[in-house]
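# Overview (structure and organization)
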Amino acid sequence: MITSEILNPLLLSAFTKEITWLEAASRFSLDEIIDTFYYTRERTEENLIPLTDAQVAYSSPAHSLWSISESVTHLIHTQGFYHNKLLDISTSQLPHIVEAARGFGEGAKQNVSANDLHVGLAAATERIHAIIEQTRNLHDPEKTEVNSAFGVCNYKTWVLLMLAHEVDHLRQMVAMRRLARTDA
């Protein structure tokens, strides 16, 4: 697993275009990136417990962060995009997700109950684990595609991007969780 002390600067370097996402992905093994994604998703799921409906719906007027409801529903919705990317770049014949995000911020919903967020995220986690496990050994590491936002990407790059997205929204959730407990 990649520690946050190492991962965070790496992701920042890729976000700021100091290095490419492909180069960032090359610095670790696929197994390390996948293990770190799994660990991070567990932290995302843990952050929902034991929040109330009011806490997950809370939106701070003083901060530009999404509510926890918006962050989680967005993660669930955008996971379809990564699901499809992993299938596209592997040799898998598994079915694609019909409704997958096509733009930034898609799928964020306000005022979804804490229980519905927990159930939805658990189901999404099960789906993405299945796709990762069914494709991680069915890809050509040399196969790449060019993405207008992220540049040249291979299978490992898409997993790293999914991890980076998860880390970004987990940070938002942690911050909003603190605000919801102190401001609400």
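Summarised in this report is the structure supplied together with it. If you're wondering where the values come from, they're calculated on a predicted model, not measured in any experiment.

## Notes on the overall build of the protein chain
Helix and strand counts for the protein chain stand at 7 helices and 2 strands. For the protein chain, the sequential pattern of α-helices and β-strands runs α-α-α-α-α-α-β-β-α. The globule rule puts the C-alpha radius of gyration for 184 residues at 16 Å, and the 16 Å found for the protein chain is close to it. Classification of the 184 residues of the protein chain by burial places 48% in the buried group. Put simply, of all contacts in the protein chain between residues at least 6 apart along the chain, 77% involve residues at least 24 apart.

## Quick word on the packing of helix 5 (residues 68-89) against helix 6 (residues 114-135)
Interaxial distance between helix 5 and helix 6 falls to 10 Å at its minimum, and their mutual angle equals 20 degrees. With respect to helix 6, the element helix 5 is oriented roughly parallel. Relative to helix 6, helix 5 is oriented so that their crossing is left-handed. Residues Ile-68, Ser-69, Val-72, Thr-73, Ile-76, Gln-79, His-83, Leu-86 and Leu-87 of helix 5 form the contact with helix 6, whose own contacting residues are Leu-117, Gly-120, Leu-121, Ala-124, Thr-125, Arg-127, Ile-128, Ile-131, Ile-132 and Thr-135.

## Focus on the environment of Phe-81
Its place among the elements puts Phe-81 in helix 5. Overall, the relative accessible area of 22% leaves Phe-81 in the partly exposed class.

## Some thoughts on the pattern of salt bridges
Applying the stated criterion across every chain yields a total of 7 salt bridges. Between Glu-46 and Arg-43 there is a salt bridge, with its nearest N and O atoms 2.7 Å apart. One end of the pair, Glu-46, and the other, Arg-43, are both in helix 3 (residues 30-46), 3 residues apart, so they sit about a helical turn from each other. Under the relative-accessibility criterion, Arg-43 is labelled buried at 19%. If you follow the salt bridges from partner to partner, you end up with Asp-31, Glu-133 and Arg-136 in one network.

## Some points on the nonpolar core
If you look at the biggest cluster of nonpolar residues, it comprises 33 residues, and the most contacted ones within it are Trp-21, Leu-86, Ile-132, Trp-158 and Leu-160. Elements with a minimum of two residues in this core: helix 1 (4-15), helix 2 (21-26), helix 3, helix 5, helix 6 and helix 7 (155-183). Per-element tally for this core: the top contributor is helix 7, with 9 residues.

## Focus on the packing of aromatic side chains
By the definition in use, this model includes 6 aromatic pairs. Seen in terms of ring centroids, Phe-15 and Trp-21 are 5.1 Å apart; in terms of plane orientation they differ by 90 degrees. Their pairing is edge-to-face. The buried category is assigned to Trp-21, whose relative accessible area is 6%. Ring centres of Phe-81 and Tyr-82 lie 5.2 Å apart, and the angle between their planes is 80 degrees; on these two criteria the pair is classed as edge-to-face.

## What about helix 6?
For helix 6, built from 22 residues, the straight-helix expectation of 32 Å at 1.5 Å per residue is met to within 8% by its first-to-last C-alpha distance of 31 Å. Every buried residue of helix 6 is accounted for by Ala-114, Leu-117, Leu-121, Ala-124, Thr-125, Ile-128, Ile-131, Ile-132 and Thr-135. For helix 6, the buried positions fall inside an angular range of 135 degrees around the axis, keeping them on one side. Across from the buried face of helix 6, at angles greater than 90 degrees, the exposed residues are Asn-115 and Glu-126.

## Some words on the packing of helix 3 against helix 6
Helices that pack against each other are described as a pair by the angle of their axes relative to one another and the distance between those axes. At a minimum axis distance of 11 Å, the contact between helix 3 and helix 6 shows a crossing angle of 175 degrees. As far as their axial angle goes, helix 6 and helix 3 are roughly antiparallel. Across from Ile-34, Phe-37, Tyr-38, Arg-41, Thr-44 and Glu-45 in helix 3, the residues of helix 6 making contact are Leu-121, Ala-122, Ala-124, Thr-125, Ile-128, His-129, Ile-132 and Glu-133. Residues belonging to the contact of helix 3 with helix 6 are distributed by class as follows: 8 nonpolar, 3 polar and 3 charged.

Each value, and the rule that gives it
- Residues numbered from 1 in each chain as written.
- Predicted model: local features only at pLDDT ≥ 70, side-chain atom pairs only at ≥ 80, totals over all residues.
- Heavy atoms only, no water.
- Helix = DSSP H or I, 4+ residues; strand = E, 2+ residues; numbered from the N terminus.
- Rg over C-alpha atoms; globule rule 2.2 N^0.38 Å.
- Buried < 20%, exposed > 50% of the residue type's maximum accessible area, 1.4 Å probe, protein only.
- Contact = heavy atoms within 4.5 Å.
- Axes fitted to C-alpha atoms, helices over the stretch in contact; angles between N-to-C directions.
- Parallel < 35°, antiparallel > 145°, perpendicular 65-115°, else oblique.
- Left-handed = near helix turned anticlockwise from the far one by under 90°.
- Salt bridge = Lys/Arg side-chain N within 4 Å of Asp/Glu carboxyl O.
- Core = buried A, V, L, I, M, F, W, Y, C linked by side-chain atoms within 4.5 Å.
- Phe/Tyr/Trp six-rings, centres within 6.5 Å; stacked < 30°, edge-to-face > 60°.
- Expected span 1.5 Å × (residues − 1).
- Arc of directions from axis to C-beta.
- Nonpolar A, V, L, I, M, F, W, Y, C, P; charged D, E, K, R; others polar.

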